[in-house]
Amino acid sequence: MMISKYIKKLAFLAILTMITGLFMGCAKSAKASGNIGTNRLEQIQARGYIEVTTDPYFAPMGFIDPSKEGSDQYVGSDIEFAKYIAEKLGVKLKLVPLEFTAVLGSITEGKYDLAVSALAYKPDRAKAMILSDGYYFSDDTLGYGLLIRKEDQDNILTPEDLKDKVVVAQSGSLQETFVNEQVPKYKEFKKVGATTDGFLMVQENKADACVVDKNTAQLYIDANPDSGLMVVDEFKFYVDPATSGTRVGIPKGEDELAAEINKIIAEVVASGIYEKWYQEAELYAKSLGL
């Protein structure tokens, strides 16, 4: 009986060893073939492409050239940056255009690899995803402010003048945070998926003021001189210098990918190439009447 139990035990251990060996062999084979990776950076490099999501309605960082088709129609400084990232990683770029709130949600859920979409730092955003180092820093001569109708230029000068007004801002954006934290009172707050929708709401008397990136708003006004819109010159919202800069959104836990993106950003900032893309995109957007 003792010998029989010993033989059974040896047989069980032999089978277990064989199964373990087969499992490890399969795992090594899968990793070697690029089917799996220990992190997202390895997965990107193994599959040969990176999926980057963006909101293509925020000129000059992202906008659409209607004369082009497919992925070529998406242009702007952030699109150039996404191409640069893919090139530096040695992979192809797969651009995924989405509404801004969907851009944020897709990165929070880990659906796509990166969000390159004019992302500003927000504490709640930093909890939901990794935010890279800043890659674009405006000179802050314009900053964030209010877009209004010219007929209201004597009535709306600061957020305190919005107590009986309808205010609009892009959902999930830094502008929404400004409404919540720096506008004391308003009659109604409406949220839109795209910044340009907010411009149109003010233009069509569906809202009285839109909280905006003043540079983007001015581009729209310059391209649409008959819109009847203007930016309040003397006012801008407060932005904490410690959290300034436009950033890349990265799914939580992907520290290796974040480190690589920050290396690329360091190169971009040092070379000043993003500033060049931004200036070129401004001229491009104006030529399209955006």
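Only a predicted model underlies this, so the values are computations on that prediction, with no experimental measurement involved.

A. Looking closely at the overall build of the chain. Helix and strand content of the chain: 10 helices and 12 strands. Counting only residues that meet the buried cut, the chain has 47% of its 290 residues in that class. The long-range fraction of contacts in the chain, counting pairs at least 24 apart against all pairs at least 6 apart in sequence, stands at 72%.

B. The arrangement of the sheet that holds strand β1 (residues 49-54) in detail. Taking strand neighbours across the sheet as the criterion, the 5 strands line up as β4-β1-β5-β12-β6 in an open arrangement whose pairing is mixed. The sheet is open, and its two edges are formed by β4 (92-97) and β6 (130-131), each paired on a single side. Of the pairings in the sheet, the one linking β1 to β4 comprises 6 bridges and is parallel in character. Residue pairing across strands places Glu51 opposite Lys94, the latter belonging to β4.

C. Looking closely at the confidence of the model for the chain. Averaged over every residue, the pLDDT of the chain is 87; residues scoring 70 or more account for 86%. In this model, residues 1-35 is a region of pLDDT below 50 whose contacts with residues beyond four sequence positions or in other chains number 7 contacts.

D. Highlighting helix α8 (residues 214-223). Burial analysis of α8 places 7 of its 10 residues in the buried class, the great majority of the element. Among all positions of α8, only Lys214, Asn215, Thr216, Ala217, Leu219, Tyr220 and Ile221 are buried. At its buried positions, α8 is contacted by β7 (144-149), α7 (195-203), β10 (209-213), β11 (229-231) and α10 (273-287). For α8, the N-terminal capping position is held by Asp213, with its side-chain oxygen 2.9 Å away from the main-chain nitrogen of Asn215.

E. Looking closely at the packing of aromatic side chains. If you walk through the whole model with that rule in mind, you get 14 aromatic pairs. Through pairs of rings, three or more aromatic residues link up here, namely Phe81, Tyr84, Tyr135, Tyr136, Tyr274, Trp277 and Tyr278. Looking at Arg47, its charged tip hangs above the ring of Tyr49, at a distance of 4.8 Å from the centre. Lying across the ring of Tyr49, Lys94 places its NZ or CZ 4.0 Å from the centre.

Calculation notes
- Starting from 1, residues in each chain are numbered consecutively following that chain's sequence as written.
- Whole-chain, interface and lining totals are the exception, using all residues; otherwise, since this is a predicted model, local features are given only for residues with pLDDT of at least 70 and side-chain atom pairs are given and counted only at 80 or more.
- Derived side-chain values reflect all non-hydrogen atoms in the structure, with water molecules and hydrogen atoms excluded from consideration.
- Elements are defined by DSSP. Helices are runs of H or I of four residues or more, strands are runs of E of two residues or more, and each kind is numbered from the N terminus.
- Each residue is assigned to one of three classes by its accessible area relative to the maximum for its type, calculated with a 1.4 Å probe on protein chains only: buried under 20%, partly exposed between the two thresholds, exposed over 50%.
- By the convention used here, residues are in contact when the closest approach between their heavy atoms is within 4.5 Å.
- Two strands qualify as a pair provided DSSP detects at least 2 bridges between them.
- pLDDT measures how confident the predictor is about each residue, on a scale from 0 to 100.
- Residues adjacent in sequence count toward polar contacts only when both atoms are side-chain atoms; beyond that, a polar contact is any pair of N or O atoms within 3.5 Å, and within protein one must be able to donate a hydrogen and the other to accept it.
- In summary, the pairing rule links any two rings of Phe, Tyr or Trp, Trp by its six-membered ring, whose centres are within 6.5 Å, and it sorts them by plane angle into stacked for under 30 degrees, edge-to-face for over 60 and tilted for everything else.
- Placement of a charge over a ring requires the Lys NZ or Arg CZ to be within 6 Å of the ring centre, with the centre-to-atom vector within 35 degrees of the ring normal.

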